[in-house]
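As a plain string of letters, each chain reads:
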Amino acid sequence: MRVLVIEDEKKIANIIKKELESQSYEVDVAYDGATGYLFAQKEGYDLIVLDIALPRKDGYSILKDLRDKKISTPILVVTAKTAVEERVAGLDSGADDYITKPFAVEELLARVRSLIRRTGEEKSVILKIEDLELNMITHKAKRGDKEIDLTVKEYQLLEFLMKNKNKICSRTTIAEHIWNYNFDTGTNIIDVYINHLRQKIDYGFPKRFIEPIRGIGYRIKSDE
């Protein structure tokens, strides 16, 4: 699951990012409204966490413009304003839920889960390739009748590969999406995690999904 956080207070933005990543979400951050609006239009996010008081483009304008463009991504508004009128304005502009500052991290995570579950009722939350399934809410995998527990990074890696079925994913692309840093050719961290993942979902089964592409990266290969 990918989340966009649009928040100009860097300390708050980084806290939200850290907590969401601890729950296996992929997180991008924009520190101003104009940049956030650009991200929200171009990338396929499952949820947007949006501050209202933003430089360069305020949250209400972002809400209105996204909804005018028929972008239906769930949006959780974060605001320092507690007046009922302000909360109503956010909801009327197209927000799906709101939370006021200061907030407890546990409440924020609960509201994120609730919004994702709500949209999950309208679209499948299960990624499926042949007999391999990945639940994007519980973050558990299943191969045939075998339930598979995944670590945070293993889940993120498997979700990324499954969403890009039959596409070759370079090590650089994987590093940028999963570890959020420029790829260092001197590290083998991706290969280590791929090996862990293959042991869980491939070994012991007649067909192996994860295919190494020599000198480039990996892909999940399927005949479907």
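Our structure's up above, just so we're on the same page.
These notes cover the structure that comes with them. All figures in this text were calculated on a predicted structure; none of them were measured in a lab.

**Let's talk about the packing of aromatic side chains**
- Applying the stated criterion across every chain yields a total of 0 aromatic pairs.
- The ring of Y31 has K10 lying over it, and the distance from NZ or CZ to the ring centre is 5.1 Å.
- The side chain of K57 reaches across the aromatic face of Y37, ending 4.7 Å from its centre.

**Thoughts on the sheet that holds strand β8 (residues 141–143)**
- Spatially, the 4 strands line up as an open sheet ordered β6-β7-β8-β9, and their pairing is antiparallel. The open sheet terminates on both sides in strands that have one partner only, identified here as β6 (126–129) and β9 (146–148). Adjacent strand axes in the sheet meet at a mean angle of 20° when their direction is disregarded.
- Bridge analysis of β6 against strand β7 (residues 132–135) gives 4 bridges, and the strand direction is antiparallel. Within the sheet, the bridge partner assigned to I129 lies in β7 and is L132.
- Helix α6 (residues 152–163) contacts β6, β7 and β8 of the sheet and is inclined by roughly 120° relative to β7.

Reading guide: rules and limits
Residues numbered from 1 in each chain as written. Predicted model: local features only at pLDDT ≥ 70, side-chain atom pairs only at ≥ 80, totals over all residues. Heavy atoms only, no water. Phe/Tyr/Trp six-rings, centres within 6.5 Å; stacked < 30°, edge-to-face > 60°. Lys NZ or Arg CZ within 6 Å of the ring centre and 35° of its normal. Pairing = 2+ DSSP bridges. Helix = DSSP H or I, 4+ residues; strand = E, 2+ residues; numbered from the N terminus. Axes fitted to C-alpha atoms, helices over the stretch in contact; angles between N-to-C directions. Contact = heavy atoms within 4.5 Å.

In short, geometric facts, not functional conclusions.
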